[in-house]
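For reference, the chains in residue letters:
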Amino acid sequence: MTSTQPSDQTPDTSAQPDASAQHADAATQHPSAADLSAEAAAPRVGVHEMTRAQALSATRERRLWDSRAESWDVAGSSGLSRVVEAVVQACAASDSPVALDLGCGSGQVTLPLAPDCSHVIAVDVSAPSLERLDAKARERGIENIQTVASPIEALELPAGSIDLVVTNYALHHLRDADKELVLSSCMAWLRPGGRLVIGDMMFGRGASAEDRAIIASKVRAFVSRGPAGWWRLAKNAVRFSLRMREKPMTAERWEAMVRAAGYADVSVTRILSEACVLTASKPLAG
Ligand SMILES: C[S@@+](CC[C@H](N)C(=O)[O-])C[C@H]1O[C@@H](n2cnc3c(N)ncnc32)[C@H](O)[C@@H]1O
């Protein structure tokens, strides 16, 4: 087993709101069982300084997902199995020796994807989620996953080093300006012809009949859970309307943002009432 060392580009933590945030923003590359050939193909991962707003957002997400690492792994993620399946299927259309999974959680997409890749870089802000991913990979004898504990917003990779960027149910946690920045970073990291696959909740705050139907079905699901569901509904209603935690965008807005970032072959498929899979590719040079 060969462990990869963290980049020598240590993150500047000056923008961090507290000392505990430093852990979240250190691009800790967990020892993975990468074999020599996989390591040869592995791009060097670094991190850069974040703005204060990015650091605050990443710290909030890290605290939330550290506390949810187990519940998401054993129960929460099962509700998304159809989305995960569609995302993995969309990835299968790619020639993807080196893949990058952004906001990988405990490996819901990373693990089924890994056998088709020479190397997968799995990035998440939550170290406990990555520990779960590492443990599952070890159990299954998967040796080509490199886990990186870092906010997506701080990530740095060599230009043209990635064949496939995939992300499932993670980007709606980023501020819209950061979604845009991530799309343009991914454009730089992808090789020409490389692919982008985004699975995520895609709806707005009620401007269209489709949005209203999606929101109504989510409200019904919370209400049916009794008092605990009502409490979550009240909390979520405030957060959603103020875009405090979950910041989904409509499929149309995603499509426009991805096109504006320069991607080609953009296509969106609705998988569940709230969730879509978007696929796109980096144009070939010329
Ligand atoms: C809903 S879970 C999805 C996990 C997994 N991709 C799946 O399909 O089940 C969202 C994940 O995004 C991660 N996340 C949220 N904000 C992040 C950020 N700014 N940088 C890195 N990871 C982030 C969380 O830690 C969490 O593991």
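What comes next concerns the included structure. Fair warning: this is a prediction, and the values are worked out from it, not measured in the lab. (Residues numbered from 1 in each chain as written. Predicted model: local features only at pLDDT ≥ 70, side-chain atom pairs only at ≥ 80, totals over all residues.)

### A few points about the overall build of the chain
Next up, step 1: Looking only at helices and strands, the chain features ten helices and ten strands.
Next up, step 2: Split into buried and exposed, the 286 residues of the chain put 44% on the buried side.
Next up, step 3: Partitioning the contacts of the chain with sequence separation of at least 6, the portion at a separation of at least 24 is 73%. (Helix = DSSP H or I, 4+ residues; strand = E, 2+ residues; numbered from the N terminus. Buried ≥ 20, exposed ≤ 12 C-beta atoms within 10 Å, placed from the backbone. Contact = placed C-beta atoms within 7 Å.)

### Thoughts on the site of the ligand
Next up, step 1: Taken together, the neighbourhood of the ligand is formed by 24 residues, with Trp 65, Gly 103, Gly 105, Gln 108 and Asn 168 sitting nearest.
Next up, step 2: Here the shell around the ligand takes four residues from helix 3 (residues 52-74), the largest share from any one element.
Next up, step 3: Partitioning the shell around the ligand into residue classes produces 13 nonpolar, eight polar and three charged. (Near = placed C-beta within 6 Å. Nonpolar A, V, L, I, M, F, W, Y, C, P; charged D, E, K, R; others polar.)

### Some details on the pairing of strand 9 (residues 264-270)
Next up, step 1: Across five bridges, strand 9 lies against strand 10 (residues 275-281) in antiparallel orientation. Looking at the pairing, Val 268 lines up with Leu 278 of strand 10. (Pairing = 2+ DSSP bridges.)

### Considerations on the nonpolar core
Next up, step 1: In this structure, Val 87, Leu 113, Val 165, Val 166 and Val 197 are the most contacted members of the largest nonpolar core, which totals 72 residues.
Next up, step 2: Of the residues forming this core, the biggest block, six residues, is contributed by helix 4 (residues 81-92). (Core = buried A, V, L, I, M, F, W, Y, C linked by C-beta atoms within 7 Å.)

### Thoughts on the environment of Asp 66
Next up, step 1: Residue position: Asp 66 is located in helix 3.
Next up, step 2: A tally of 16 C-beta atoms within 10 Å means that Asp 66 is categorised as partly exposed.
Next up, step 3: Linking Asp 66 and Val 125, residues 59 residues apart in sequence, is a C-alpha distance of 8.6 Å.

### Overview of the environment of Leu 164
Next up, step 1: Along the chain, the position of Leu 164 falls in strand 7 (residues 162-168).
Next up, step 2: Once the C-alpha coordinates of Leu 164 and Arg 195 are considered, the two residues, 31 residues apart in sequence, prove to be 4.8 Å apart.
Next up, step 3: If we skip the residues at most four places from it in the chain, Leu 164 touches Cys 91, Ser 94, Ser 96, Ala 99, Gly 194, Arg 195 and Val 197.

### Describing the packing of helix 3 against helix 6 (residues 127-140)
Next up, step 1: At their nearest, the axes of helix 3 and helix 6 sit 7 Å apart, and the two run at 35° to each other. Each of Trp 65, Asp 66, Ala 69 and Asp 73 in helix 3 lies in contact with helix 6, whose residues at this interface are Pro 128, Ser 129 and Arg 132.
Next up, step 2: A breakdown of the residues in the contact of helix 3 with helix 6 according to their chemical character gives three nonpolar, one polar and three charged. (Axes fitted to C-alpha atoms, helices over the stretch in contact; angles between N-to-C directions.)

### Side note on unusual backbone geometry
Next up, step 1: Located in the positive-phi region is Tyr 169, a residue other than glycine, with phi close to 55°.
Next up, step 2: With respect to the secondary-structure elements, Tyr 169 resides in the loop between strand 7 and helix 7 (176-189).
Next up, step 3: Backbone geometry places Asp 265, a non-glycine residue, at a positive phi of 50°.
Next up, step 4: Position of Asp 265 relative to the elements: it lies in strand 9.

### Brief notes about helix 3
Next up, step 1: Over its 23 residues, helix 3 runs 33 Å from end to end, which matches the ideal 33 Å to within 8%, given 1.5 Å per residue.
Next up, step 2: Inspection of helix 3 places Gln 54, Ala 55, Ser 57, Ala 58, Thr 59, Glu 61, Arg 62, Trp 65, Ala 69, Trp 72 and Asp 73 among the buried residues, and these make up the whole buried set. (Expected span 1.5 Å × (residues − 1).)

### What to know about the environment of Ala 275
Next up, step 1: By the element assignment, Ala 275 lies in strand 10.
Next up, step 2: Sequence separation between Ala 275 and Thr 250 is 25 residues; the distance between their C-alpha atoms is 9.8 Å.
Next up, step 3: Apart from residues lying up to four places away in sequence, Ala 275 is in contact with Val 83, Gly 199, Asp 200, Met 201 and Met 202.

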